[in-house]
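What follows is each chain in one-letter form.
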Amino acid sequence: MDLTVLLSDEDLRRRFGTPTYERADGYVRGGRVLSCMHGLDSDGDLAIRGQVQGSRGIAYDAYVSAGLDGDGVWFASRCDCPMQQGCKHVVALLMTVRAAQEREHTAVGRGDERRWERQLSSVLDELDVAVDWAGNGTTTKPLALQVDLHRRATPPRWQVPTTMPNRGALRIRPLQRGARDNWVKSGASFQDLPRMRHDRSLDPAQVAVLSEIAAVHQ
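The model shown is predicted, which means the values in this text are computed figures rather than measured ones.

Criteria and thresholds
- Residues numbered from 1 in each chain as written.
- Predicted model: local features only at pLDDT ≥ 70, side-chain atom pairs only at ≥ 80, totals over all residues.
- Heavy atoms only, no water.
- Helix = DSSP H or I, 4+ residues; strand = E, 2+ residues; numbered from the N terminus.
- Buried < 20%, exposed > 50% of the residue type's maximum accessible area, 1.4 Å probe, protein only.
- Pairing = 2+ DSSP bridges.
- Axes fitted to C-alpha atoms, helices over the stretch in contact; angles between N-to-C directions.
- Expected span 1.5 Å × (residues − 1).
- Arc of directions from axis to C-beta.
- Contact = heavy atoms within 4.5 Å.
- Salt bridge = Lys/Arg side-chain N within 4 Å of Asp/Glu carboxyl O.

Let us look at the overall build of the chain. Within the chain one finds seven helices and seven strands. N-terminal to C-terminal, the α/β element order of the chain is α-α-α-β-β-β-β-α-α-β-β-β-α-α. Evaluated residue by residue, the chain yields a buried proportion of 38% over its 218 residues.

The following block contains the structure:
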């Protein structure tokens, strides 16, 4: 789960409040995150554990779990501090893991990618996981993605020439398995997402991934 894509500063402010965000940011910058470990748990969700030094010098143990469902990204947390959950210590751990993932991207040469490319890469990884899970003894109807490159029309000769390459536009749309075991577009557009979230014949994990893709293109 890539927090560099799924969790912006605006998301943190909206979910936890600006005062909590700013205090957590100060903790990270001030080196108050004493330890931080993260990895995937048995359900494939991101699990983060760490210790953060509070304003009175007390070190608090905090834990946060993050995952994706039909409504997007969710968080569950607990902390030894008086607030117990959703506190600045938890947000400081999220910021620390996000920064670590950013460094990992840079180390493997992904640091220069445009944000939408990293977002698309992330949701496609999630879709691969969802497809594997859906095919493991479940009866849900599988979903897929159609990706094609639509070339732009060649400009007329009288138009001022440009140095920009004619790369075209990348188009992505959902598909679902049809009655003849083929992939069909009907009933599986991004406009159908509100209905698809309540369709029990579809895998909610795959629908959640399509929601993330729709958010990328907004």
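Take the sheet that holds strand β3 (residues 59–69) next. Note on sheets: strands pair through backbone hydrogen bonds, and any given pair is parallel or antiparallel. Taken in spatial order, the four strands line up as β1-β2-β3-β4 in an open sheet, and their pairing is antiparallel. Of all strands in the sheet, those bounded by a partner on one side alone are β1 (33–40) and β4 (72–79). Pairwise comparison of adjacent strand axes, ignoring direction, gives a mean angle of 15 degrees for this sheet.

The end-to-end C-alpha distance of helix α3 (residues 18–29), which contains twelve residues, comes to 16 Å, matching closely the 16 Å that a straight helix rising 1.5 Å per residue would cover. Every buried residue of α3 is accounted for by T20, Y21, A24 and Y27. Down the axis, α3 shows its buried residues gathered within 125 degrees of arc, on one side only. Just downstream of α3, G31 is the residue with a positive phi angle, here 75 degrees.

What you tend to see is this: most non-glycine residues have negative phi, and most peptide bonds are trans. With a phi close to 75 degrees, Q84 is a non-glycine residue in the positive phi region. Relative to the helices and strands, Q84 resides in the loop between β4 and α4 (88–107).

Let us look at the environment of C36. Assignment of secondary structure puts C36 in strand β1. Spatially, the C-alpha atom of C36 lies 4.1 Å from that of G50, the residues being 14 residues apart in sequence. With sequence-adjacent residues up to four places away left out, C36 is seen in contact with I48, R49, G50, L93, T96 and V97.

What follows deals with the pairing of strand β2 (residues 46–53). Examined bridge by bridge, β1 and β2 share seven bridges and lie antiparallel to one another. Looking at β2, one finds that G39 is bridged to A47. Between the antiparallel neighbours β1 and β2 lie five residues, among them G44 with a positive phi of about 85 degrees. Examined bridge by bridge, β2 and β3 share eight bridges and lie antiparallel to one another. By the bridge assignment, V52 is partnered in β3 with Y60.

Quick look at the side chain of T96 now. Relative to the assigned elements, T96 resides in helix α4. Setting aside anything within four residues of it in sequence, one finds T96 in contact with V28, V33 and C36.

On inspection of all chains with the given rule, the structure shows five salt bridges. Note that E22 is salt-bridged to R13, the shortest N-O span being 3.8 Å. Between D199 and R195 there is a salt bridge whose closest N-O contact spans 3.5 Å. You can call D199 partly exposed: its relative accessible area is 26%.

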